[in-house]
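# Working through the structure, step by step
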Amino acid sequence: MPRVTLYSRPGCHLCDDAREVVARVCADLGEEYDEVSIDDDPQLLERFGEEIPVTFVDGRQHDFWRVDEQRLRTALGG
């Protein structure tokens, strides 16, 4: 089960940047991540509409708008 979830939406440049960081960190640390489009779920769209991208680590909100690479590494124990 992935430890990191990235909530995003198509066409979001901040989401593209966050995806690169999440993918790099997860690959380096041997972790998996899941990406969920908020456009596919009205409740997620309501909850995160203006804060995307949003990352969760181990089920808890970690960051929004930008993903700090070192902070994510630390949260994943790397």
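Keep in mind it's a predicted model, so treat the numbers as computed, not measured. (Residues numbered from 1 in each chain as written. Predicted model: local features only at pLDDT ≥ 70, side-chain atom pairs only at ≥ 80, totals over all residues. Heavy atoms only, no water.)

### Some words on the sheet that holds strand β4 (residues 60-64)
We count it as follows: Paired strands, in this sense, are two strands between which DSSP finds at least two bridges. Helix numbers and strand numbers start at the N terminus; a helix is a DSSP run of H or I with at least 4 residues, a strand a run of E with at least 2. An axis is simply a line fitted to the C-alpha atoms; with a helix, the fit covers only the stretch in contact. Between two such axes, the angle follows the N-to-C directions and lies from 0 to 180 degrees.
Across the sheet, four strands lie side by side as β2-β1-β3-β4; this open sheet has mixed pairing. Pairing within the sheet leaves two strands with one partner each, and these edge strands are β2 (33-37) and β4. Going from strand to strand, the sheet's axes swing by 25° on average, the running direction of each strand aside. Looking at chain direction, strand β1 (residues 4-8) and strand β3 (residues 54-57) are connected through four bridges and run antiparallel.

### Focus on the nonpolar core
Note on soluble globular proteins: their nonpolar side chains tend to be buried together. Counted only if it meets this: The definition of a nonpolar core used throughout is a set of buried Ala, Val, Leu, Ile, Met, Phe, Trp, Tyr and Cys residues joined through side-chain atoms within 4.5 Å. Buried residues are those whose accessible area, probed at 1.4 Å on protein chains only, stays under 20% of the maximum for their type, while exposed residues exceed 50% and partly exposed ones sit between those limits. Contacts are assigned to residue pairs with any non-hydrogen atoms lying within 4.5 Å of each other.
Counting residues in each nonpolar core, the largest one holds eleven residues, listed as Val4, Leu6, Ala18, Val21, Val22, Val25, Cys26, Val57, Val67, Leu72 and Leu76. Going through the elements one at a time, β1 and α1 (13-29) are the ones with two or more residues in this core. The leading source of residues in this core is α1, at five residues. When residues no more than four places from it in sequence are discounted, the contact partners of Leu6 are Cys15, Ala18, Arg19, Asp34, Glu35, Val36, Pro53, Val54 and Thr55.

### Focus: the pairing of β3
Regular strands have side chains that alternate between both faces of the sheet. Burial of the side chains of β3 extends over both faces: Val54 and Phe56 are buried on one face and Thr55 and Val57 on the other. Pairing analysis gives four bridges linking β3 to β4, with the strands arranged antiparallel. Opposite Val54, over in β4, you have Phe64 as the bridge partner. Counting the residues that bridge the hairpin from β3 to β4 gives two residues, and of these Asp58 lies at a positive phi of roughly 50°.

### Comments concerning α1
Rules: Here the expected span of a helix is defined as 1.5 Å times the quantity of residues minus one. Arc definition: it is the arc formed by the directions from the helix axis to the C-beta atoms.
Taking 1.5 Å of rise per residue, the 17 residues of α1 would be expected to cover 24 Å, and the 25 Å separating its terminal C-alpha atoms lies within 8% of that figure. Residues of α1 that are buried include every one of Leu14, Cys15, Ala18, Val21, Val22, Val25 and Cys26, and no others. In an axial view of α1, the angular spread of the buried residues amounts to 130°, which keeps them on one side of the axis. Facing away from the buried surface of α1 by more than 90 degrees, the exposed residues are His13, Glu20, Ala27 and Asp28. Packing partners of the buried residues in α1 comprise β1, β2, β3 and α3 (69-75).

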